[in-house]
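Single-letter residue listing:
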Amino acid sequence: MTEIFSPEEIEELSTEIDRQLQELRRSGNATYKSGDELEPGGALSKQKESIESLTKEPMPSFLAKFGRAAKTDICDKDGLLNQQWHKWGDLNNKDALERLGAVLVTMGFSGNVVSPLAVAAIVVIVHIGLKAFCEDYGNNT
């Protein structure tokens, strides 16, 4: 498998994921409540803005496509990221970046779009939780 990110990029992107998640926790938005977090000014407004700017489509539409493309890793019980979530209640940033970066590439994204899109998507997934993400975006066929 071709590496999407260099080890240095993985380190930088992991730091950014952790920073954004800490920002969400500090703002008092540590738990996912409903779709209103996707609205302007909601907890995930930074990620929503990033995703919509990079993909040129509404965040829920992108997440539905992304959820379908990443379903094996994220939502299937044998998927690596699903197993991590059930074991630790979190995702390993390196594994998430490698797996989900590859998903983004297979979806047709490339170049400077992949890194910030991967970060935003991972922050959304971790923030709302794997179960909620899969229920909302991973089970659409």
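Colleague: Mind showing me how you'd approach the packing of aromatic side chains here?
Modeller: In this description, an aromatic ring pair is defined by two values, namely the gap between the centres and the angle between the planes. Inspection of the entire model under this criterion finds 3 aromatic pairs. When the centroid spacing of 5.6 Å and the interplanar angle of 20° are considered together, the rings of Phe-62 and Phe-66 count as stacked. Of this pair, Phe-62 and Phe-66 both sit in helix H3 (residues 59–69), 4 residues apart, roughly one helical turn. Like Phe-62, the residue Phe-66 is buried in the burial classification.

Colleague: I would appreciate a short explanation of helix H6 (residues 93–106) in the present structure.
Modeller: Think of an α-helix as 3.6 residues a turn; residues three or four steps apart then line up on the same face. Helix length check: H6 (14 residues) gives 19 Å between terminal C-alpha atoms against 20 Å at 1.5 Å per residue, within 8%. Three or more residues of H6 are buried, namely Asn-93, Ala-96, Leu-97, Leu-100, Gly-101, Ala-102, Val-103 and Leu-104. Packing partners of the buried residues in H6 comprise helix H1 (7–26), H3, helix H4 (71–74), helix H5 (80–88) and helix H7 (114–128). Near the N-terminus of H6, the side chain that reaches the backbone nitrogen of Lys-94, with its oxygen 2.9 Å away, is that of Asn-92.

About the cut-offs
Residue indices follow the written sequence of each chain, beginning from 1 at its first position. Only residues with pLDDT of 70 or above have their local features reported here, since the model is predicted, and side-chain atom pairs are shown and tallied only from 80 upward, although totals for entire chains, interfaces and linings are computed over all residues. Heavy atoms from the whole structure form the basis of all side-chain values; hydrogens and water molecules are not counted. Pairing of aromatic side chains requires ring centres within 6.5 Å, counting the rings of Phe and Tyr and the six-membered ring of Trp. Pairs whose planes differ by under 30 degrees are stacked, by over 60 edge-to-face, and all others tilted. A run of DSSP states H or I qualifies as a helix once it reaches four residues; a run of E qualifies as a strand once it reaches two. Both are numbered from the N-terminal end. Three labels apply to residues, based on accessible area from a 1.4 Å probe with only protein chains included: buried if under 20% of the type maximum, exposed if over 50%, partly exposed otherwise in between. In a helix, the anticipated span is given by 1.5 Å times the number of residues less one. Residues count as neighbours in contact if any of their non-hydrogen atoms are within 4.5 Å of one another. Distance and chemistry together define a polar contact, namely a pair of N or O atoms within 3.5 Å, with one atom able to donate a hydrogen and the other to accept it when in protein, and with adjacent residues in sequence counting only for side-chain atoms on both sides.

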